[in-house]
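# Structural characterization, general
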Amino acid sequence: MSLHRHNPAELSPPTGFSHAVTATGSRLVFLAGQTALDTEGKVVGEELTEQFTTALGNLLTALRHAGGTPADLARVTVYTTDVAGYREHAHELGRIWRRLAGRDYPAMAVIGVVRLWDEQALVELDGFAVLDEPAPA
């Protein structure tokens, strides 16, 4: 599997994302939207950063169970009910990303939404990854 991140000099410097990602591999993993749900299906965390940490952890757990690693992520979309709060905490969210997922950023977008499935949820992440190995038995 190979992911190549493209960040052209003609575009603004990317911070916490890559402008484009090309991928070669034999298996795509589509990751469902993950919020800050615990194992009992309850939203945990009152603050955006707390919920982001849990949601990203949930996304990475699903990815690991499909046989992937954070470096395999080609695309992630972040949906938030608080874009202003997301921008305000961008540096802290970046530190959380680097701690959990590393420094290889996928192509990303942050989209403001009115609400998410669970009303208490402030953030949801989905995406896809490209893996080279065959599917687990």
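Residues numbered from 1 in each chain as written. Predicted model: local features only at pLDDT ≥ 70, side-chain atom pairs only at ≥ 80, totals over all residues. Heavy atoms only, no water.

An unreviewed UniProt entry lists the protein under the name RidA family protein, with Streptomyces sp. R44 as the source organism.

## Thoughts on the pattern of salt bridges
Under the defined criterion, the tally for this structure stands at one salt bridge. One salt bridge connects E119 with R115, and the closest N-O pair in it is separated by 3.8 Å. A relative accessible area of 64% places E119 in the exposed class. (Salt bridge = Lys/Arg side-chain N within 4 Å of Asp/Glu carboxyl O. Buried < 20%, exposed > 50% of the residue type's maximum accessible area, 1.4 Å probe, protein only.)

## Examining the packing of aromatic side chains
This model, assessed by the stated rule, comprises three aromatic pairs. Seen from their ring centres, F30 and F128 are 5.9 Å apart, and the 40° between their planes marks the pair as tilted. Here F30 is found in strand β3 (residues 27–34), whereas its partner F128 is found in strand β6 (residues 123–131), with 98 residues between them in sequence. (Phe/Tyr/Trp six-rings, centres within 6.5 Å; stacked < 30°, edge-to-face > 60°. Helix = DSSP H or I, 4+ residues; strand = E, 2+ residues; numbered from the N terminus.)

## Considering helix α3 (residues 90–101)
In a regular helix each residue adds 1.5 Å, so twelve residues correspond to 16 Å; α3 covers 15 Å between its end C-alpha atoms and thus fits that length. For α3, the complete set of buried residues consists of L93, G94, I96, W97 and A101. Each buried residue of α3 sits inside an arc of 160° when the element is viewed along its axis, so together they form one side. In this structure, α3 carries H91, R95 and R99 as exposed residues pointing more than 90 degrees from its buried face. Taken together, the buried residues of α3 touch α1 (48–65), β4 (73–80), α2 (83–88), β5 (107–112) and β6. At the exit of α3 stands G102, carrying a positive phi of roughly 95°. (Expected span 1.5 Å × (residues − 1). Arc of directions from axis to C-beta. Contact = heavy atoms within 4.5 Å.)

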